[in-house]
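Understanding the architecture of this molecule
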Amino acid sequence: MVNKEVNIKELANKYNKLGNYEKSIQIYNEILKKDINNYEILSNRSVTYFKLELYDLALYDIIKVIKIKPNIGKSWGILGGILYGKSKLEDSLISYNKANELEPLEIYTQMIELIKNQIKNKNNKNILINNLVECVVSNPNIIKKLTNIILVINQKQLKFHHY
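Residues numbered from 1 in each chain as written. Predicted model: local features only at pLDDT ≥ 70, side-chain atom pairs only at ≥ 80, totals over all residues. Heavy atoms only, no water.

Quick word on unusual backbone geometry
Residue Glu53 is not a glycine yet carries a positive backbone phi of 60°. Along the polypeptide, Glu53 turns up in the loop between helix H3 (39-51) and helix H4 (55-68). Judged by relative accessible area, Glu53 falls into the exposed class, the value being 58%. Of note in the backbone geometry, Ser87 takes a positive phi value of approximately 65° without being a glycine. (Helix = DSSP H or I, 4+ residues; strand = E, 2+ residues; numbered from the N terminus. Buried < 20%, exposed > 50% of the residue type's maximum accessible area, 1.4 Å probe, protein only.)

Some remarks on the packing of aromatic side chains
A complete count under the given rule lists two aromatic pairs for this structure. An angle of 55° between the planes, with centres 5.6 Å apart, marks the rings of Phe50 and Tyr55 as tilted. The exposure class assigned to Phe50 is partly exposed, which follows from its relative accessible area of 31%. With centroids separated by 6.1 Å and ring planes inclined at 45°, the aromatic side chains of Tyr96 and Tyr108 adopt a geometry described as tilted. Of this pair, Tyr96 sits in helix H6 (residues 89-102) while Tyr108 sits in helix H7 (residues 106-138), placing them twelve residues apart in sequence. (Phe/Tyr/Trp six-rings, centres within 6.5 Å; stacked < 30°, edge-to-face > 60°.)

Examining the pattern of salt bridges
Under the counting rule described, the total for this entry stands at six salt bridges. Where Lys9 meets Glu40, a salt bridge forms, and the shortest distance between an N and an O atom there is 3.2 Å. Taken together, the positions of Lys9 in helix H1 (residues 2-18) and Glu40 in helix H3 put the pair 31 residues apart, joining distant regions of the chain. On the basis of relative accessibility, which here comes to 24%, the residue Lys9 falls in the partly exposed class. The residue Glu113 makes a salt bridge to Lys116 at a minimum N-O spacing of 4.0 Å. Highlighted residues: Glu113 and Lys116, both in helix H7, separated by three residues, approximately one helical turn. Take Lys116: its relative accessible area is 42%, and that puts it in the partly exposed class. (Salt bridge = Lys/Arg side-chain N within 4 Å of Asp/Glu carboxyl O.)

Dropping the structure here:
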């Protein structure tokens, strides 16, 4: 029976490598019907969902994997990738740090640096926008000009809507 399950798992992984993700997921689902806590299959299915950009499904599976086996670096790395795909940079950074702590790999280090830079750039953009808004708000001449522009636009829209 174990050999049959191994062969089915290998078949699912083969479909996955060939890009037939739907078939792969079908097989993973069949295996999980017999063993819902099979963390290896949950992890594989999570990666497959990730490849399909079904991030919420991928997230659900990998969180379950981490609850079952919290000390596997690869699982935390997968979680980091999923969160990165969902643009959750801070959470992704935490996950990659945990992955790197458990299983130091160059890819985790690279992702950590990439995300840190993206967070820094995002913060710099926010500071720039806030400074720009502050300049506009503190300058009465700019406010007056913007108000006039808005009034002109509104008047043109009103004229356009009258038939």
